[in-house]
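# A closer look at the structure
In case you want the letters, here they are:
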2 protein chains.
Amino acid sequence: MDKGAFYVGVDLGGTSMTAAVIDVRTGRVMGESKRKTRAELGALSVTDRIAKAISKSITNAGLKRQDILGIGVGVPGPIDPLTGIVVRCANLGASWDQFELGSILSEMIGLPIMIDNDVHVGAVGEFAFGAGKGLSDLIAIFVGTGVGGGIILNGKLHTGTRNSAGEVGHMIIAADVGPVCGCGERGCAEALCSRTAMEREIRASIASGQPSIISHLLEEAGRSDLSAGTIGDAYDAGDAVTIKAVSQAQYYLGLLIASCVNLIDPQAVILGGGVLERMGDAYLDPVRQAAQQHFLNKTDAAGIAILRAVLGDYSGAIGAAVLASERLSSS
Amino acid sequence: MDKGAFYVGVDLGGTSMTAAVIDVRTGRVMGESKRKTRAELGALSVTDRIAKAISKSITNAGLKRQDILGIGVGVPGPIDPLTGIVVRCANLGASWDQFELGSILSEMIGLPIMIDNDVHVGAVGEFAFGAGKGLSDLIAIFVGTGVGGGIILNGKLHTGTRNSAGEVGHMIIAADVGPVCGCGERGCAEALCSRTAMEREIRASIASGQPSIISHLLEEAGRSDLSAGTIGDAYDAGDAVTIKAVSQAQYYLGLLIASCVNLIDPQAVILGGGVLERMGDAYLDPVRQAAQQHFLNKTDAAGIAILRAVLGDYSGAIGAAVLASERLSSS
């Protein structure tokens, strides 16, 4: 990297976006810019907002556009990495169906663009400069509204034949008896261990008349949706309904990890996402226990590390920059 | 491969073994020798029988020991590929625990030895010269007494950190409600779609008083265990109890394939084993249907080929020879 090693990584979310200038030799964030996504404006206007966030992050880093080697964008939905086209983005609306994000953003910015999905770039971030630093084979699982993942093998993102690898949320772990998933099938891991799954369990318990402080906490916070923060607060306060829902989700997440480990046998599994960040090891320990109990090869079971993601909100931006540096420099 | 390209591949099973001289440039079987394993004799005597089968296969190929570059052995249990030590072989008895097969057989034969587990070498065989020829990324699943698998990525066997990759039989697909598996846990794929699982379902139906021709077929065959052949005969005869058990197993095998595809996104899934060989496409079609229904990415779902293994009993021997040629020539 004789020309320098600055790439901008963009983490595009349903409600907000982060653009950050990353030194891909060190993972250091040189400057950044965050803003609301404002998905209601449509794909083209949101892309304009992405371009503005990128420019601002470069200014904030004290750099000029010509110091930047390329841009990586993590998108919350399936994409085609070769054409830079977004297949669809359920969270962002129908204007993203087959949207040519790569070429449009590249024209706006005048720099080469690489796009991939948000969990793929998150996995690359944790691998390159986070919990997986120094490892070569790992699976990263991010638990939030949904459950997604990325696989690193031999130090490279395993994208799969259709760029669809790592869809851990749609591995079936409770055939027929599990809840119906957003994908329409029954028994997917996402329907059992996502934050959405916890929320469904908590609301069902409350609807059946079980006492809970959740309604009180939501009123206090002035919101209707159950955030990771609210779930964590109720859990810490000993709310029985919340503890039961979290325990179930932990158990199923453990089974999901065991299925992944029994298939791929990686060095480590890295877990990220809002609930885990809020609750930390209190959340992780029961997950580890359920997973290790279901490892077929229990030799060195403890050696298959189940780790917390450490980059938080930056895993996506850092990973997008790193992946851009790999793909744009080799093309 | 200037020195020639003849390796002997050995497929060691619980009841019989096959040694075959393979031209690893073409996959051609140049000569072979089969015999009973006679596990009751213990690991050392069985190893002596392996050595004799190897020598006989070389003679049958019209070759001499010095024409052979190395030996590969597929073992029905976990092994350490670096030391050549068998961890254990439940089917073969306790004398195989930590048995130094690699070094002992190498001393008997005077040739370098590579060992790996039977499904890993079977996957390599189907990849190199079977249903997966020309592909680079696939998962092979073998359904028999148990359910095992092997993963090929970028044209190489993915062994995993502890050589434990591919244990598809112990991916959890029916948490808590599935039958208890041989591994002690509940809901593993192996407990739901192996031949053993079909047999359990059939016997339970008969015990509950449902009419079936199975008992008659077993009497006719003069055996007590339900072979793939007997299951196939009863299925073909329209035996309702058998059709139900097979349909269940097909469905769960489809879910297992979907979980693997959603995680790894390979080019193809190859299915092998006795039941499939006996029943062919009548068995495979419902499996394909259940799998494709549960693919998250249904774009090109039909493009993720679900194929029949084509090497039959030879996948292990051919794969063991191919893997030996890769590992012994690079060391």
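Note that this is a predicted model, so its numbers are computed, not measured. Each chain carries its own residue numbering, running from 1 in the written order of its sequence. Each chain gets a letter, beginning with A, and each ligand a number, beginning with 1, in the order they are written. The predicted nature of this model means local features are confined to residues of pLDDT at least 70 and side-chain atom pairs, given and counted, to a pLDDT of 80 or more, with totals for whole chains, interfaces and linings taken over all residues. Side-chain numbers here rest on the full set of heavy atoms in the structure, without hydrogens or water.

### Comments concerning the overall build of chain A
Working definition: helices are DSSP H or I runs of at least four residues, strands are E runs of at least two. Numbering for both runs from the N terminus. Counting its regular elements, chain A contains 11 helices and 12 strands. Radius of gyration means the value over C-alpha atoms here, while the globule rule gives 2.2 Å times the residue count to the 0.38 power. The C-alpha radius of gyration computed for chain A amounts to 20 Å, which stays within 12% of the reference 20 Å derived for 331 residues, consistent with globular compactness. The buried share among the 331 residues of chain A stands at 57%. In chain A, of all internal contacts separated by at least 6 residues, the share reaching a separation of at least 24 is 62%. Here the Shrake-Rupley method, with its probe set to 1.4 Å, supplies the accessible areas, and only the displayed protein chains count as covering residues. Only carbon and sulfur atoms are counted for the fraction: they give 49% of the accessible area of chain A, which is about 12900 Å². Looking at chain A, you have 27 positive and 34 negative side-chain charges, and the mean spots of the two groups are 5 Å apart. Buried means the residue's accessible area, taken with a 1.4 Å probe over protein chains only, is under 20% of the maximum for its type, while exposed means over 50%, and partly exposed covers the values in between. Whether two residues are in contact is decided by their heavy atoms: any pair within 4.5 Å suffices. Positive charges come from Lys and Arg, negative ones from Asp and Glu, while His and the chain ends are left out of the count. Lysine's charge is taken at NZ, arginine's at CZ, aspartate's at CG and glutamate's at CD.

### Overview of the side chain of S259 of chain B
Structurally, the position occupied by S259 of chain B is in helix 8 (residues 240-264). A distance of 2.8 Å separates the side chain of S259 of chain B from the backbone nitrogen of I172 of chain A, its partner in a polar contact. Once you skip the residues sitting within four places of it in the chain, S259 of chain B turns out to touch M171 and I172 of chain A together with M171 and I173 of chain B. Nitrogen and oxygen atoms within 3.5 Å of one another constitute a polar contact, given that in protein one can donate a hydrogen and the other can accept it, and given that sequence-neighbouring residues count only through two side-chain atoms.

### What about the sheet that holds strand 10 (residues 156-157) of chain A?
All names here are of chain A. We treat two strands as partners when DSSP finds at least two bridges between them. Spatially, 10-9-8-11-12 is the arrangement adopted by the 5 strands of the open sheet, whose pairing is mixed. Edge strands, defined here as strands with exactly one partner in the open sheet, are strand 10 and strand 12 (305-308). The pairing of strand 8 (residues 138-143) with strand 11 (residues 268-272) spans 5 bridges and is classified as parallel. Opposite I139, over in strand 11, you have V269 as the bridge partner. Contacts from helix 8 (residues 240-264) reach strand 8, strand 9 (147-153), strand 11 and strand 12, with the element oriented near 160° to strand 8. In this analysis, axes come from line fits to C-alpha atoms, helices being fitted only over the stretch in contact, and the angle between any two N-to-C directions falls in the range 0 to 180 degrees.

### A word on the confidence of the model for chain A
Considering every residue of chain A, the mean pLDDT works out to 94; 97% of them sit at 70 or more. Model confidence for the complex is summarised by a pTM of 0.95, with the ipTM given as 0.95. For every residue, the predictor states its confidence as a pLDDT score lying anywhere from 0 to 100.

### A look at the interface of chain B and chain A
At the interface, 46 residues of chain B touch 46 residues of chain A. Note: buried area is the sum, over both parts, of the accessible area (probe 1.4 Å) each one loses when the two are combined. Roughly 3700 Å² of surface becomes buried between chain B and chain A when both sides are summed, with 53% attributable to carbon and sulfur atoms. Salt bridge, as applied in this entry: a Lys or Arg side-chain nitrogen positioned within 4 Å of an Asp or Glu carboxyl oxygen. At the boundary of chain B with chain A, the tally comes to 2 salt bridges. D265 of chain A serves as the salt-bridge partner of R162 of chain B, at 2.8 Å between the closest nitrogen and oxygen. Our enumeration of links across chain B and chain A arrives at 34 residue pairs in polar contact (both at pLDDT 80 or more). Breaking the side of chain B that touches chain A down by element, the ones donating at least two residues are strand 9 (147-153) and helix 8 of chain B. Considering each element in turn, the side of chain B that touches chain A owes the most residues, 10 residues, to helix 8 of chain B. Residue polarity is assigned by list, with Asp, Glu, Lys and Arg as charged and Ala, Val, Leu, Ile, Met, Phe, Trp, Tyr, Cys and Pro as nonpolar; anything else, Gly included, falls into the polar class. In the side of chain B that touches chain A, the residues fall into 23 nonpolar, 15 polar and 8 charged.

### Here we look at the nonpolar core
Membership of the largest hydrophobic core comes to 102 residues, with the highest contact counts inside it found for I141 and I257 of chain A together with I141 and I257 of chain B. If we ignore the near neighbours within four places in the chain, the residues touching I141 of chain A are V147, G148, G149, V168, L253, L256, I257, V269, I270, L271 and G272 of chain A. Within the second largest apolar cluster, 33 residues are counted, among which are M17, V46, V75 and I109 of chain B. Joining through side-chain atoms within 4.5 Å is the link that ties buried Ala, Val, Leu, Ile, Met, Phe, Trp, Tyr and Cys residues into a set, and such a set is a nonpolar core.

### A word on the pairing of strand 9 of chain A
Residue and element names in this part refer to chain A. Among the 7 residues that make up strand 9, 7 are buried, leaving the element largely enclosed by the rest of the structure. Two elements, strand 8 and strand 9, share 6 bridges in a ladder whose sense is antiparallel. Of the residues in strand 9, the one forming a bridge with I139 is I151. In the sheet, strand 9 pairs with strand 10 via 2 bridges, with the strands oriented antiparallel. Note on strand 10: the bridge partner recorded for L153 is K156.

### What to know about the relation of the copies chain B and chain A
When the copies are superposed, the least-squares fit takes in the C-alpha atoms of residues with a pLDDT of at least 70 in both. It takes a turn of 180° to lay chain B on chain A, together with a shift of 0.0 Å along the axis; the resulting RMSD is 0.0 Å. Look at the turn and shift together and you get a two-fold axis relating the two. Comparing contact sets, 100% of the residues at the interface of chain B also lie at the interface in chain A, consistent with an isologous, same-surface contact.

### Considerations on the packing of aromatic side chains
Two measures describe an aromatic ring pair: the distance that separates the ring centres and the angle between the ring planes. Residue and element names in this part refer to chain B. Each aromatic pair joins two rings of Phe, Tyr and Trp (for Trp, the six-membered one) with centres within 6.5 Å, and gets the label stacked for planes under 30 degrees apart, edge-to-face for over 60, and tilted for any other angle. Using the criterion set out here, one finds 4 aromatic pairs over all chains in the structure. Ring geometry for W96 and F99: centres 5.2 Å apart, planes at 70°, overall edge-to-face. Among the residues examined, F99 registers a relative accessible area of 10% and is labelled buried.

### Remarks on the sheet that holds strand 10 (residues 156-157) of chain B
All names here are of chain B. One open sheet accounts for 5 strands, arranged 10-9-8-11-12; its pairing is mixed. Every interior strand has two partners, whereas the edge strands, strand 10 and strand 12 (305-308), have only one. Strands strand 8 (138-143), strand 11 (268-272) and strand 12 of the sheet are contacted by helix 10 (residues 281-293), whose axis makes an angle of about 160° with strand 12.

### Some thoughts on the side chain of E185 of chain B
Inspection of the secondary structure assignment puts E185 of chain B in the loop between strand 10 and helix 4 (190-193). Side-chain polar atoms of E185 of chain B contact the side chain of Q293 of chain A, separated by 3.1 Å.

### Re the packing of helix 7 (residues 228-236) of chain B against helix 8 of chain B
All names here are of chain B. Across the interface, helix 7 lies against helix 8 with an axial gap of 8 Å and an inter-helix angle of 115°. The chirality of how helix 7 crosses helix 8 is left-handed. For the pair helix 7 and helix 8, contact is made by I231, A234 and Y235 and by T242, I243 and V246, respectively. Of the residues belonging to the contact of helix 7 with helix 8, the class tally is 5 nonpolar, 1 polar and no charged. In this scheme the handedness of a crossing depends on how the near helix is turned from the far one: anticlockwise by less than a right angle means left-handed, clockwise means right-handed.

### Description of the pattern of salt bridges
All told, the structure shown has 26 salt bridges over all chains when counted by the stated rule. In this structure, R25 of chain A engages D23 of chain A in a salt bridge whose closest nitrogen and oxygen atoms are separated by 3.1 Å. Classification of R25 of chain A as partly exposed rests on a relative accessible area of 48%. Taking the shortest distance from any N to any O, the salt bridge between R308 of chain B and D281 of chain B comes out at 3.9 Å.

### Details of the packing of helix 1 (residues 43-60) of chain B against helix 2 (residues 101-109) of chain B
All names here are of chain B. Remark: helix 1 packs on helix 2, axes separated minimally by 10 Å, with the N-to-C direction vectors making an angle of 45°. In terms of their interaxial angle, helix 1 and helix 2 are classed as oblique. As for the relative orientation of helix 1 and helix 2, their crossing is right-handed in sense. For the pair helix 1 and helix 2, the contacting residues are L44, T47, D48, I50, A51, I54 and S55 in the first and L101, I104, L105, M108 and I109 in the second. Across the contact of helix 1 with helix 2, the residue classes tally to 9 nonpolar, 2 polar and 1 charged. Roughly parallel means an angle under 35 degrees; roughly antiparallel means over 145; roughly perpendicular covers 65 to 115; every other angle is labelled oblique.

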